[in-house]
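Listed below, chain by chain, are the residues.
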Amino acid sequence: MAGGLVALLDDVAVLARAAAASIDDVGAAAAKAGVKAAGVVVDDAAVTPQYVRSLAAERELPIIKRIALGSLRNKYFIILPAVLLLSQFVPWLLTPILMLGGAYLCYEGAEKVWAKIAHHDAHGAGGETVQDEKTLVSGAVRTDLILSAEIMVISLNEVIDEPFWSRLAILAVVAVVITVLVYGVVALIVKMDDAGLRLSQRAGAVATFGRGLVKAMPVVLTVLTVVGTAAMLWVGGHILLLGTHELNLHFLYEAVHHVEVAAHDATGVLGGLVGWLVNTVASAILGLIVGALVVLVMTATLHRREPKVAAATAAATTTGTDGANPVPPSRAAQRSDAPADRAPRG
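Keep in mind the model is a prediction, meaning the values are calculated, not measured.

**Student:** Describe the overall build of the chain, naming the residues involved and giving the relevant values.
**Tutor:** Scanning the chain from N- to C-terminus turns up 11 helices and 0 strands. Overall, the chain shows an N-to-C arrangement of helices and strands of α-α-α-α-α-α-α-α-α-α-α. The burial tally for the chain puts 32% of its 346 residues in the buried class. The contacts in the chain between residues at least 6 apart in sequence include a share of 77% that link residues at least 24 apart. Within the structure as shown, the chain displays about 20700 Å² of accessible surface, and the carbon and sulfur contribution to it stands at 69%.

Dropping the structure here:
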């Protein structure tokens, strides 16, 4: 009996070591997969604070908590089942889907660059209209759905060769870690100025530090926006570069790889860093070109229709109760009345 007990304990120890090794493998794979999604994560952390900027200070953290819970629901109940089913039954679809997501990232990044050049807000945040909390949270969760889907597909692409249950465990870990990371950083960002104000009311060096925090907030948000935009162009372009290679369109990948290898061989000790920089810059340039083309297409099609839809809506509201349409004003009258009818631009 003693021998049987020892054998049982030995089996338990072996199983425990195997479980620990599996957990380590899942953690390492989750970290690797999460790093690949860094560009989307940075942009998510840069975009989300905009949703709470017009709220009272005491409502900021509750709203961020609600958005974070919505993000987890997106990942666990919509995105995770979808990507696992795709990877299990139609894995060949993942590369085209990933490339579509990469093109979307390039579009978002290029749109932000254009917004900076043209001095307008790419996301229409110029107006300061106050929304109710339910509408605000719903809009933020819808935006998060797109970004979370991109994060999960990028992560899945890194562990596509793992068994089904390993993929499930890895992506589940990525979903939690990414959500906690993004919304933890967002909470710190939106509360940094409040903490600075409180510290500035004290004496000595603490007050100086508090005033520095308050002054640093605009700089932090600007840096986050710039880094997020650059990361989106880099990640989106890199996804497209690898995707074309996997679809047997090798010329772009081979051209970049040739320049990368040449730079690596020409710079000696710094070859690894220089080669990575060459690949990163080439990916970002590709992302900017693709994104600019998508912006042009969107501007020429979808965005051009928006004024027509608005004009049609305005015409419908001016229709008389008897069903007769009033005589439209002249173009000169429309131009003279336009400033009074439109909300001021931000």
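**Student:** Please set out the nonpolar core residue by residue, giving values where relevant.
**Tutor:** One finds Ile-67, Leu-80, Val-83, Met-152, Leu-171, Tyr-183 and Ile-239 to be the most contacted residues of the largest nonpolar core, which totals 33 residues. Those elements giving two or more residues to this core turn out to be helix H3 (57-89), helix H4 (94-118), helix H5 (133-158), helix H6 (164-200) and helix H7 (204-246). In contact with Ile-67, other than residues within four places in its own chain, are Val-137, Ala-140, Val-141 and Tyr-183. Counting residues in each nonpolar core, the second largest holds 6 residues, with Met-99, Cys-106, Leu-240 and Val-256 among its members.

**Student:** Give a description of H4 that names residues and reports values.
**Tutor:** End to end, H4 covers 35 Å across 25 residues, agreeing with the expected 36 Å (1.5 Å per residue, within 8%). Directly beyond the C-terminal end of H4, a positive phi value near 60° is found at His-119.

**Student:** Got a sec to walk through the environment of Gly-102? Specific residues and values, please.
**Tutor:** Within the secondary structure layout, Gly-102 lies in helix H4. When the C-alpha atoms of Gly-102 and Leu-233 are compared, they prove to be 8.7 Å apart, with 131 residues separating the residues in sequence. Excluding residues that lie within four positions of it along the chain, Gly-102 makes contacts with Glu-150, Gly-236 and Ile-239.

**Student:** I'd like to hear about the packing of H7 against helix H9 (residues 271-300), residue by residue, with values.
**Tutor:** Where H7 meets H9, the closest approach of the two axes is 7 Å, and the angle between their N-to-C directions is 90°. Considering the angle they form, H7 stands roughly perpendicular to H9. Residues Leu-233, Trp-234, Gly-237, His-238, Leu-240 and Leu-241 of H7 lie in contact with H9, whose contacting residues are Trp-276, Asn-279, Thr-280, Ser-283, Ala-284, Leu-286, Gly-287, Leu-288 and Val-290. Of the residues in the contact of H7 with H9, the class split is 9 nonpolar, 6 polar and no charged.

**Student:** Give me the lowdown on unusual backbone geometry, citing residues and values where you can.
**Tutor:** Here Asn-248, not a glycine, exhibits a phi torsion of approximately 70°, which is positive. With respect to the secondary-structure elements, Asn-248 resides in the loop between H7 and helix H8 (251-266). Among the residues examined, Asn-248 registers a relative accessible area of 59% and is labelled exposed.

**Student:** Provide a residue-level description of the confidence of the model for the chain, including the pertinent values.
**Tutor:** Detail in the predicted coordinates should be disregarded across regions flagged by low pLDDT. Put simply, the chain has an average pLDDT of 75, and 68% of its residues get 70 or more. This stretch, residues 124-128, has a pLDDT under 50; its non-local contacts, to residues over four places away or in other chains, come to 6 contacts. When the criterion is pLDDT under 50, residues 330-346 qualifies, and its contacts beyond four places in sequence or with other chains add up to 2 contacts.

**Student:** Tell me about the packing of aromatic side chains, and name the residues and values.
**Tutor:** Scanning all chains against the criterion turns up 3 aromatic pairs. Both rings, one in Phe-164 and one in Trp-165, keep their centres 5.1 Å apart while their planes meet at 85°; by these two values the pair is edge-to-face. Taking relative accessible area as the criterion, Trp-165 reaches 65% and is therefore assigned exposed.

**Student:** Could you give an account of the side chain of Lys-75, with specific residues and numbers?
**Tutor:** By the element assignment, Lys-75 lies in helix H3. Residue classification places Lys-75 among the buried residues on the basis of a relative accessible area of 2%. Side chain to side chain, Lys-75 and Ser-71 meet in a polar contact 2.5 Å long. A polar contact is formed between the side chain of Lys-75 and the side chain of Ser-148, at a distance of 3.0 Å. If sequence neighbours within four positions are ignored, Lys-75 has contacts with Leu-80, Pro-81, Asp-144, Ser-148, Ala-175 and Thr-179.

**Student:** Lay out the packing of H5 against H6 in plain terms, naming residues and giving numbers.
**Tutor:** Between H5 and H6, the shortest axis-to-axis distance is 10 Å and the interhelical angle comes to 135°. In terms of their interaxial angle, H5 and H6 are classed as oblique. Our pair here, H5 against H6, has a crossing hand that is right-handed. Judged by residue contacts, Asp-144, Ile-151, Met-152, Ser-155 and Leu-156 of H5 engage Arg-167, Leu-171, Val-174, Ala-175, Ile-178 and Tyr-183 from H6. Among the residues forming the contact of H5 with H6, the class breakdown is 8 nonpolar, 1 polar and 2 charged.

The rules behind these values
- Residues numbered from 1 in each chain as written.
- Predicted model: local features only at pLDDT ≥ 70, side-chain atom pairs only at ≥ 80, totals over all residues.
- Heavy atoms only, no water.
- Helix = DSSP H or I, 4+ residues; strand = E, 2+ residues; numbered from the N terminus.
- Buried < 20%, exposed > 50% of the residue type's maximum accessible area, 1.4 Å probe, protein only.
- Contact = heavy atoms within 4.5 Å.
- Areas by Shrake-Rupley, 256 points an atom, 1.4 Å probe, with all protein chains shown as cover.
- Core = buried A, V, L, I, M, F, W, Y, C linked by side-chain atoms within 4.5 Å.
- Expected span 1.5 Å × (residues − 1).
- Axes fitted to C-alpha atoms, helices over the stretch in contact; angles between N-to-C directions.
- Parallel < 35°, antiparallel > 145°, perpendicular 65-115°, else oblique.
- Nonpolar A, V, L, I, M, F, W, Y, C, P; charged D, E, K, R; others polar.
- pLDDT = per-residue confidence, 0-100.
- Phe/Tyr/Trp six-rings, centres within 6.5 Å; stacked < 30°, edge-to-face > 60°.
- Polar contact = N/O pair within 3.5 Å; in protein donor to acceptor, adjacent residues only side chain to side chain.
- Left-handed = near helix turned anticlockwise from the far one by under 90°.

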